[in-house]
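# Summary of the model geometry
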Amino acid sequence: MELNGVRVSRETQERLQHFAQLFQKWAKTINLVAPSTIDDLWRRHIADSAQIFQLHPATDHWVDLGSGGGFPGVITAILLAEKGAGHVDLVESNQKKAAFLRVCLRECAARGAVHAIRIEEAPAAIQTCDVISARALAELEMLLDYAAPWFERNKNLRLFLHKGRDYERELQKARGRWEFDLVKHQSVVERDSVILELSRLRRLI
């Protein structure tokens, strides 16, 4: 099986397929993503989420903020399982969604753990990490506020964020309070979307 043109093992394919089955089951009772996108689950959510790991496939310690329906956190945890190393801490305050995420990690033999806490509380519970990810969570300025405590502890930290067509406005607004190094990756799934890779975050005000 290929995922965004990258071949994955049969075991990973089976894990992803099982995750998709769990997702379809749980989505009938709790709101995991916009209902209009469920029919396009593999492209809009699974392949889209896999892009982040494929941009940074090192076996690192990840933190995924607002993991919700498992994107990209569970997908990253499944792909790390193929490498046999690395770990994802998924942060999700909604208890029902957190329960769903725990089932997914357990049944898919993925490399991660779920923290059913508010994002603001996460830096105290998760002391360090190498990479932070978030998808469809909040505007960039707020995401940088969330990530700042981890950047203070790890100067080599990288932040990967899915953003839609309005990302330039968000960048301009965020630069009023922050300095950062930026790499823009064009999405291979959605023409109007990008993945922003930020590093060397510095607070201006």
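Structural notes, computed from the coordinates. (Residues numbered from 1 in each chain as written. Predicted model: local features only at pLDDT ≥ 70, side-chain atom pairs only at ≥ 80, totals over all residues. Heavy atoms only, no water.)

All right, on to helix α1 (residues 10–26) then. For α1, which comprises 17 residues, the first-to-last C-alpha distance of 24 Å matches the rise-based estimate of 24 Å (1.5 Å per residue) to within 8%. Among the residues of α1, those classed as buried are Thr-12, Leu-16, Phe-19, Ala-20, Leu-22 and Phe-23. On an axial view of α1, the arc spanned by its buried residues comes to 165°, and they lie on one face. α1 presents Arg-10, Gln-21 and Lys-25 as exposed residues on the side facing more than 90 degrees away from its buried surface. Elements in contact with the buried residues of α1: β1 (2–3), α2 (41–55), α3 (73–83) and α4 (95–107). (Helix = DSSP H or I, 4+ residues; strand = E, 2+ residues; numbered from the N terminus. Expected span 1.5 Å × (residues − 1). Buried < 20%, exposed > 50% of the residue type's maximum accessible area, 1.4 Å probe, protein only. Arc of directions from axis to C-beta. Contact = heavy atoms within 4.5 Å.)

A separate point is the sheet that holds strand β8 (residues 178–186). Adjacent strands of a sheet form backbone hydrogen bonds with each other and so pair up, either parallel or antiparallel. What the 7 strands build is an open sheet, ordered β5-β4-β3-β6-β7-β9-β8; its pairing is mixed. At either end of the open sheet lies a strand with only one pairing partner, and these are β5 (112–115) and β8. Each neighbouring strand pair of the sheet contributes to a mean axis angle of 20°, computed without reference to strand direction. Seen against the sheet, helix α6 (residues 140–153) touches β3 (61–65), β6 (131–135), β7 (158–163), β8 and β9 (194–203) and runs at an angle of roughly 55° to β9. (Pairing = 2+ DSSP bridges. Axes fitted to C-alpha atoms, helices over the stretch in contact; angles between N-to-C directions.)

Tracing the backbone shows Ser-49 in helix α2. Of note is the side chain of Ser-49, whose polar atom sits 2.7 Å from the backbone oxygen of His-45. For Ser-49, the residues in contact, after removing those within four places along its chain, are Phe-71, Pro-72, Ile-75, Arg-135 and His-162. (Polar contact = N/O pair within 3.5 Å; in protein donor to acceptor, adjacent residues only side chain to side chain.)

Now for the packing of α1 against α2. Interhelical geometry of α1 versus α2 gives an angle of 120° and a closest axis separation of 12 Å. Compared by their axis directions, α1 and α2 come out oblique. The two elements α1 and α2 cross, and the hand of that crossing is right-handed. Residues Leu-16, Gln-17, Phe-19, Ala-20, Phe-23 and Gln-24 of α1 pack against Leu-41, Trp-42 and Ile-46 of α2. In the contact of α1 with α2, the residues fall into 7 nonpolar, 2 polar and no charged. (Parallel < 35°, antiparallel > 145°, perpendicular 65-115°, else oblique. Left-handed = near helix turned anticlockwise from the far one by under 90°. Nonpolar A, V, L, I, M, F, W, Y, C, P; charged D, E, K, R; others polar.)

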